[in-house]
Amino acid sequence: MKRNTLILIAIALLAHISNAQQESIFGNAAFNPYLINPAAGGMGSVLQFETTYRTQWIGYNGGPRTIAFTGFSPIKTSSEKVLQEYNYHDDALFGLPERTTGSTKHIVGGKLLNDAIGPFSKSSVQLSYAIHLPLTKTINFGAGLSAGWSNLRLDESRVVLYDALDNSYAQFLGGTNFQNILDANAGIVLYNKSLFLGLSTNQLLNNMVQFNDVETLSRYNRHFNLQGSYRFEAGNKIELEPTLLARYVKNSPLSADIGLRTIINNSSWLSLQYRTSNALVVRVGSTLVKNLYLCYGYEHSLGALQSTNSGSHEIQLGIILGNNRNLSKEIEDSKQGADPVEQGQ
């Protein structure tokens, strides 16, 4: 009986972490690509923090739930300012930051994540560093690396046993019902004010799964993400941005999000995405007040899960910070640059 119990636990675990997408899927990655690519922070030369909550398969007991906190900022390596002036008038419905190019940028960031499905949960802490180099005055190339710690845990309170008096299961939980691993992620980006291309890989170290004394040949598979978008004007204060995010994981079919984002007055947006793994995603977002922004997405399943759940929800709340306008310096610079004849009048 003990052997059977261990086998059942191992099968349940491997169903979650072996032959499927193991990393979290975010519908908001088109707006905040740093969620999946450690090189993608700091393209706009601003300080940005974001909180994400995602719950999938509403109505299905034990569906995936994800909470993520991300943040990144350029850091100072010389006397020059690294943050652009941003929303110094403290406007509501303020404009989104433009990507900045033509200079070298050093960016540090971090991500906290908790991902749960059924009785399994994974908590991660990651720190990142990226460098962005100018290829021309209008195009930058960047590379980034993140590393950190992850903990995979089995929550015994969410396990339903056929035999409630199964002593062998109790003995199993008396051991270590979690695994700690060190892992890394890497990515590159190419961008200008309109174009963004990104390539990244997660779970770079391809760690072996070791859960108690249950021996497996399974690994935390590497995930590969290819991302692209291009933004262009389509009318008075309206811009369109086609987006693509393709994902590949060993032992899992290729998946892609193909979408179009409509941006109004550079402050509000509406997007529609089709996921080739049979889902339709609608997202709406806007800047608010005090440099805050809010984004909500609804994902409707189109495949076999359609009849078993009422969709998935994802919400982001973030803040974007930059330098305030230095009016005193602007006035002083203006005086120094004035014509000497004018100064003498």
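Anyway, here's the lowdown on the structure attached to this text. This structure is a prediction, so every number in the text was calculated from the model and none was measured.

## Focus on the overall build of the chain
(1) Moving on: Broken down by element type, the chain carries 4 helices and 15 strands.
(2) Moving on: Scored against the burial criterion, the 345 residues of the chain give a buried share of 43%.
(3) Moving on: Sequence-distant contacts in the chain: of pairs separated by 6 or more residues, those separated by 24 or more amount to 59%.
(4) Moving on: Summed over all atoms, the accessible surface of the chain reaches about 17900 Å², with 60% contributed by carbon and sulfur.

## Thoughts on the pattern of salt bridges
(1) Moving on: Under the defined criterion, the tally for this structure stands at 10 salt bridges.
(2) Moving on: Lys290 is paired through a salt bridge with Asp90; the nearest N and O atoms lie 2.8 Å apart. Within this pair, whereas Lys290 is found in the loop between β13 (279–287) and β14 (292–301), its partner Asp90 is found in the loop between β2 (65–75) and β3 (105–117), the two being separated by 200 residues in sequence.
(3) Moving on: Residue classification places Asp90 among the partly exposed residues on the basis of a relative accessible area of 36%.
(4) Moving on: As a salt-bridge pair, Arg275 and Glu299 come within 2.8 Å of each other at their nearest N and O atoms. With Arg275 in strand β12 (residues 268–275) and Glu299 in strand β14, this residue pair connects regions lying 24 residues apart in the sequence.

## Some thoughts on the side chain of Asn151
(1) Moving on: Inspection of the secondary structure puts Asn151 in strand β5 (residues 140–154).
(2) Moving on: Of the polar contacts made by the side chain of Asn151, one reaches the side chain of Asn180; its length is 2.8 Å.

## As for the pairing of strand β8 (residues 223–230)
(1) Moving on: Bridge count for strand β7 (residues 195–202) against β8 is 8 bridges, and the pairing is antiparallel. Considered in β8, the bridge of Leu197 is made with Gly228.
(2) Moving on: Sheet topology places β8 next to strand β10 (residues 238–249); 7 bridges connect them, and they run antiparallel. Across the sheet, residue Leu226 finds its bridge partner in β10, namely Ala246.

## Considering the pairing of strand β1 (residues 47–55)
(1) Moving on: Pairing of β1 with strand β15 (residues 312–321), which is carried by 9 bridges, proceeds in the antiparallel orientation. Bridge pairing in β15 places Arg54 opposite Glu314.
(2) Moving on: For β1 and β2, the ladder comprises 8 bridges, and the chain directions are antiparallel. Residue pairing in the sheet places Arg54 in a bridge with Thr66 of β2.

## Things to note about the layout of surface pockets
(1) Moving on: The computed volume of the second largest pocket comes to approximately 610 Å³.
(2) Moving on: In terms of lining residues, the second largest pocket is bounded by 29 residues, among which Leu96, Pro97, Glu98, Arg99 and Arg231 are the most central.
(3) Moving on: Looking at the lining of the second largest pocket, the elements that each hand over two or more residues are β9 (232–235) and β10.
(4) Moving on: Of the residues assigned to the lining of the second largest pocket, the class counts are 13 nonpolar, 8 polar and 8 charged.

## Considerations on the packing of aromatic side chains
(1) Moving on: For the coordinates displayed, the defined rule picks out 5 aromatic pairs.
(2) Moving on: Ring centres of Tyr34 and Phe72 lie 5.2 Å apart, and the angle between their planes is 55 degrees; this geometry places the pair in the tilted category. Placement of Tyr34 in the loop between α1 (2–17) and β1 and of Phe72 in strand β2 is noted, with a sequence separation of 38 residues between them.
(3) Moving on: You can call Tyr34 buried: its relative accessible area is 6%.
(4) Moving on: Look at Phe72 and you get buried, because its relative accessible area is 7%.
(5) Moving on: Taken together, a centroid distance of 5.8 Å and an interplanar angle of 90 degrees make the contact between Tyr86 and Phe94 edge-to-face.

## Looking at empty space enclosed by the protein
(1) Moving on: A full pass over the atoms with the stated rule returns 6 cavities of 30 Å³ or more.
(2) Moving on: If you trace the largest cavity, you find 26 residues lining it, with Glu23, Ser24, Lys111, Leu113 and Asn202 closest to the centre.
(3) Moving on: Where the lining of the largest cavity is concerned, the elements lending two or more residues are β3, β4 (120–134), β5, β6 (178–191) and β10.
(4) Moving on: Class assignment of the residues belonging to the lining of the largest cavity gives a composition of 9 nonpolar, 11 polar and 6 charged.

## Quick look at unusual backbone geometry
(1) Moving on: A positive phi angle is found at Asn206, which is not glycine, with a value near 55 degrees.
(2) Moving on: For Asn266, which is not a glycine, the phi torsion comes out positive at approximately 55 degrees.
(3) Moving on: Mapped onto the elements of the fold, Asn266 is located in the loop between β11 (252–264) and β12.
(4) Moving on: With a relative accessible area of 23%, Asn266 lands in the partly exposed category.

How each quantity is defined
Residues numbered from 1 in each chain as written. Predicted model: local features only at pLDDT ≥ 70, side-chain atom pairs only at ≥ 80, totals over all residues. Heavy atoms only, no water. Helix = DSSP H or I, 4+ residues; strand = E, 2+ residues; numbered from the N terminus. Buried < 20%, exposed > 50% of the residue type's maximum accessible area, 1.4 Å probe, protein only. Contact = heavy atoms within 4.5 Å. Areas by Shrake-Rupley, 256 points an atom, 1.4 Å probe, with all protein chains shown as cover. Salt bridge = Lys/Arg side-chain N within 4 Å of Asp/Glu carboxyl O. Polar contact = N/O pair within 3.5 Å; in protein donor to acceptor, adjacent residues only side chain to side chain. Pairing = 2+ DSSP bridges. 1 Å grid on protein atoms, 1.4 Å probe; cavity = no way out; pocket = protein on both sides within 12 Å on 5 of 7 lines; lining within 4 Å. Points joined across faces, edges and corners; volume = space filled by probe spheres on them. Nonpolar A, V, L, I, M, F, W, Y, C, P; charged D, E, K, R; others polar. Phe/Tyr/Trp six-rings, centres within 6.5 Å; stacked < 30°, edge-to-face > 60°.

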